[in-house]
Amino acid sequence: MGSPDIFYVEDDQDFAFILEHAVREVKEDLVLSVVEDGRDAIKTLEKYALDKFRPKLILLDLNLPGLSGLDLLKRIKEIPFLRLTPVILFSTSDDPLDVKASYEFGANAYITKPTGYNNLVDCVRSLHEFWFTQNRSVN
Amino acid sequence: MTKYNVDLTNCDKEPIHIPGRIQSHGFLIAADAFDLAILYVSENVDFYLGKSSSDLLKMDALEFNVFFGSVANDTDLHQLLKLAKNQENFSIINPYKLLIKEEPYYLILHESHGKIIMEFEPATLEYDIQNLIGKSISEILSNKTLSGLLNHAAKEIKDIIEYDRIMVYQFLDDGHGEVVAEVKNDDLEPFFGLHYPASDIPQQARALYKLNYTRIIADVNAASAAIETYAKDMPLDLSHSSLRAVSPIHIQYLKNMGVESSFSISLISKGELWGLIACHNYSPKFIDYKAREGAKLIGQILSSALEYKQAEEETQEDFLLKEAVQELSGQLDKDSDLISSLIRHDVTLLDVTHGSGAGIFFDGHMYTIGVTPDEAALTDLFAWLKETMTESVYHTNQLPKILKSAQDYASVGSGILACTLSRDMGEYIVWFKSEKIAAINWAGNPEKPVEVNSANETVLSPRNSFDTWAEIVNETSDKWRELEISGVLKLREKIVSKINKKANEIRVLNERLKLAYEELDTFSYTISHDLRTPLTSIKSYTELFLHQNQSLDEKGKKLLGRVVAGADKMAFLINEILKLARVGRSDLQPVEIDMTNLVRELITEVVSALSAPQVKIVIGNCPPVMGDLTLITQVFTNLISNAIKYSSRSNLPEVCIDGQVDNEEVIYKIKDNGIGIDVNYHDKVFELFKRMENVKDFQGTGVGLAIVKRIVEKHNGRIWFESELGVGTTFYVAFKNK
């Protein structure tokens, strides 16, 4: 099993569904892997690290059942193999406190979830542009 | 015998119980109570017994019988004394009637410091006085009122003992006396209503009036008789003697009044000397022992009637006051409004005292009932009370003499009775008593008997003039009675507990309100947060559907477009509510904010967001503000973007931002020349979801200013504005300096 291009932790199946479409809209062959639960996510990521699989981008929802997005972020940054993998917090919240905390915990970006499919497509396109095309050196 | 040099300088200290002399209408012999040896003899025995005092002093009382003829049996003085000693009581013997040189005499016995004092005086009454007295007493007691009682007592006494003038003389609070009843011969000038200074009857004289209920002075012009004795260093105590000589000062006093003989009966109420029945005669007069005892009996019966009548009149008055306090207490329980329960029912504060008005300062308002000084005067008085009053109750009947400004309202407020509700809040209730301009008619100048001699000592001298001397007492009200004060104290306790109870209720409500507010914040936060997710789904699915179904006709696309627009609008509103709820939930992290930078950055951001480059922005002073950076940023973002938004369509739009430091506050003003706010909406500006008539064409939700207000209040700041329709609006926002 290979590693996905984008590893996405999201409990909202609707949003995950829309995002899948948006990702496919941007680039047909991008591989998106969605995990719904924080604990499953960290297990999967630790396995990736063992197998030397490295996703190109990790997207984390902030409000997750069990481990929260911030907890997850902290754990990810503690895995040396994934230290340099860009992690983006992806949340409905625009609370400045959430934003501040995310950066403090080592997030590479904080993005408020765009509303609507069209905005999401724009957003994913821009993400892809930056992290997959221009910032190739990271990977 | 010991001589006392009594002059006018030591009258008040004069030992009048041991004058060493007796009045000469009788004679006195005193024997040792144990061996009956004669120790003291008045010098006038010679006149009565034909034997000199020095002869008698060598005798034994046993040898005395030779002088006495008896009315009934042979008089045996020795047996008599022995009998008295065994009985330890002389009242069964007194008066003992005997004959001296065939004339009837009374022997009156009493014991004083181990001596038996025998006083002999003429028996003059020829009929039995008992019947007369019984009739008089029932006559006196038939009166219902105090004054009727006193007048009839005076009249009955005059009928029995026939003095020229009978006065009932009452001692008032400060010791001076007033003639409250009088019966006199028609040719005499009336003394009724006259006042006599306290110094007219010195203390030790009053003490003797309490000891002996009657006192006779038979003839002020008769020379007194000295008491001879070998025991010159042991003056005979004559406290209980009826023959006791009169102080020369008092003799002079009576002479100055033209009185030649006097008789007085003590009136005692509650153990204290209430007054005297003073009987004056303008010629020498002597009434015998039995008449005096009869008068004494009337005095005693009058005393107890007095006590009873006075108590009865007070009880009636007390009852009404007490009932009013009771009634008011009940009203305080029933009526939740404090002021209403005190002044708006049938029974009011006015019924609790004899005052004619009352003022209350409570909860920032002044209330009055009855006759009171005007509000300005009350405010002044309450301020004075706050400054000076330390006890829970204060009263005076001469306020203008203590507080100068009270002279202006002396007529209505010479007396005040104040009680504290809360000293911190300056809350009091004050009752007022009006001025009683009283003219006191003194019998002569009351200051006169007290003079200062060359050695600067205060001197009592008997007054020469008894002409009426009127004194006007002003700026004085009736005194506040003990019962009025205790009633007010009781009422105060009730009121204070009611206020405390209410304050507690408010505190509890306040806590609940705070809790409810917090719950509401949490509720709005959670609900808006949770609403966002499905809303996003609605929008996203709609857009995805549109995207994947390009073949949809225009009408279908338009309808689904409406769904997306509705979701957008709802999302916007939810965001605004979230912001508002967040203000309540957030903990302030105050820092000093560099406003110059903040304002500059904001302006760039807002101008570009609103696409309003045509608006001219003037930035004045930007002093730093202490506050939470995120929240303060929100305040200024809102206010500045409002200013820019609503002036963007004006001719030469201009927005000025300027801050000033003023004492304890930093005040920012954000001024625009935009569309302005209608006066009718002035009080709705900060309300949630309220948008004005004239902003329909501008984007907005009506949440912005509500958020601003909450943030400012959370910082203990203030926000207000000035505006004119079509001219512009200026918002002011003030933050505390520290």
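Rules used throughout
Residues numbered from 1 in each chain as written. Chains lettered and ligands numbered in written order. Predicted model: local features only at pLDDT ≥ 70, side-chain atom pairs only at ≥ 80, totals over all residues. Axes fitted to C-alpha atoms, helices over the stretch in contact; angles between N-to-C directions. Helix = DSSP H or I, 4+ residues; strand = E, 2+ residues; numbered from the N terminus. Parallel < 35°, antiparallel > 145°, perpendicular 65-115°, else oblique. Contact = placed C-beta atoms within 7 Å. Nonpolar A, V, L, I, M, F, W, Y, C, P; charged D, E, K, R; others polar. Buried ≥ 20, exposed ≤ 12 C-beta atoms within 10 Å, placed from the backbone. Pairing = 2+ DSSP bridges. Expected span 1.5 Å × (residues − 1). Core = buried A, V, L, I, M, F, W, Y, C linked by C-beta atoms within 7 Å.

**Q** Could you give an account of the packing of helix α8 (residues 289-334) of chain B against helix α13 (residues 482-548) of chain B, with specific residues and numbers?
**A** Residue and element names in this part refer to chain B. For the pair α8 and α13, interaxial distance at closest approach is 10 Å and the crossing angle is 5 degrees. Of the possible angle classes, the one that applies to α8 and α13 is roughly parallel. Between α8 and α13, the residues in contact are Asp 318, Leu 321, Lys 322, Val 325, Leu 328, Ser 329 and Leu 332 and Leu 483, Glu 484, Gly 487, Lys 490, Leu 491, Lys 494, Ile 495 and Lys 498, respectively. Considering only residue class, the contact of α8 with α13 consists of seven nonpolar, two polar and six charged.

**Q** Mind laying out the interface of chain A and chain B, listing which residues take part and the relevant values?
**A** Across the contact, 14 residues belong to chain A and 13 residues belong to chain B. At four residues, helix α1 (residues 13-26) of chain A tops the list of elements feeding residues into the side of chain A that touches chain B. Grouping the amino acids of the side of chain A that touches chain B by side-chain chemistry returns five nonpolar, five polar and four charged.

**Q** Explain the environment of Leu 73 of chain A to me, using residue names and the numbers behind them.
**A** Residue and element names in this part refer to chain A. Take Leu 73: it is sitting in helix α3 (residues 69-78). When the 24 C-beta atoms within 10 Å are taken as the criterion, Leu 73 is described as buried. When the C-alpha atoms of Leu 73 and Leu 62 are compared, they prove to be 9.5 Å apart, with 11 residues separating the residues in sequence. Every residue in contact with Leu 73, bar those within four places of it in the chain, is listed here: Leu 60, Val 87, Leu 89, Ser 102, Phe 105, Gly 106 and Ala 107.

**Q** For the sheet that holds strand β16 (residues 365-370) of chain B, give the residues involved together with the corresponding values.
**A** All names here are of chain B. Judged by pairing direction, the sheet is antiparallel, and its five strands sit side by side in the order β16-β15-β19-β18-β17 without closing on themselves. With one partner strand each, in any of the chains shown, β16 and β17 (393-396) form the two edges of the open sheet. Averaged over all pairs of adjacent strands, the angle between their axes in this sheet comes to 10 degrees, without regard to strand direction. Bridging between strand β18 (residues 415-422) and strand β19 (residues 427-433) involves seven bridges; their strand directions are antiparallel. Looking at β19, one finds that Ile 416 is bridged to Phe 432. Contacting β17 and β18, α13 crosses the sheet at an angle of about 25 degrees to β18.

**Q** Just give me the short version of helix α5 (residues 146-161) of chain B, but keep the residues and values in it.
**A** Residues and elements named next belong to chain B. For α5, with 16 residues, the first-to-last C-alpha span of 23 Å sits near the 22 Å given by 1.5 Å per residue. Structurally, α5 contributes buried residues whose contacts are with α4 (130-141), β8 (165-171), β9 (177-184), β13 (261-269), β14 (272-281) and α8. One or two positions beyond α5, positive phi appears at Glu 162, with a value near 55 degrees.

**Q** Tell me what's going on with the nonpolar core, and back it up with residues and numbers.
**A** Residues and elements named next belong to chain B. Leu 28, Ala 30, Ala 153, Ala 154, Ile 157 and Ile 277 are the most contacted members of the largest nonpolar core, which has 77 residues in total. Contacts of Ala 30, omitting those with residues within four sequence positions, involve Leu 39, Tyr 40, Lys 115, Ile 116, Ile 117, Met 118 and Leu 236. One finds Ile 632, Phe 636, Ile 677 and Ile 719 within the second-largest nonpolar core, a separate group that totals 40 residues.

**Q** Tell me about the sheet that holds strand β28 (residues 665-672) of chain B, and name the residues and values.
**A** Strand pairing within a sheet occurs via backbone hydrogen bonds; the two strands may be parallel or antiparallel. Residues and elements named next belong to chain B. If you walk across this open sheet you meet the five strands as β25-β27-β28-β30-β29, and the pairing is mixed. Strands with a single pairing partner mark the edges of an open sheet, and in this sheet they are β25 (616-619) and β29 (718-724). Direction aside, neighbouring strands of the sheet carry axes that sit 15 degrees apart on average. Across the sheet, helix α16 (residues 629-647) lies against β27 (654-662), β28 and β30 (728-736), angled at about 20 degrees from β28, the strand it touches most.

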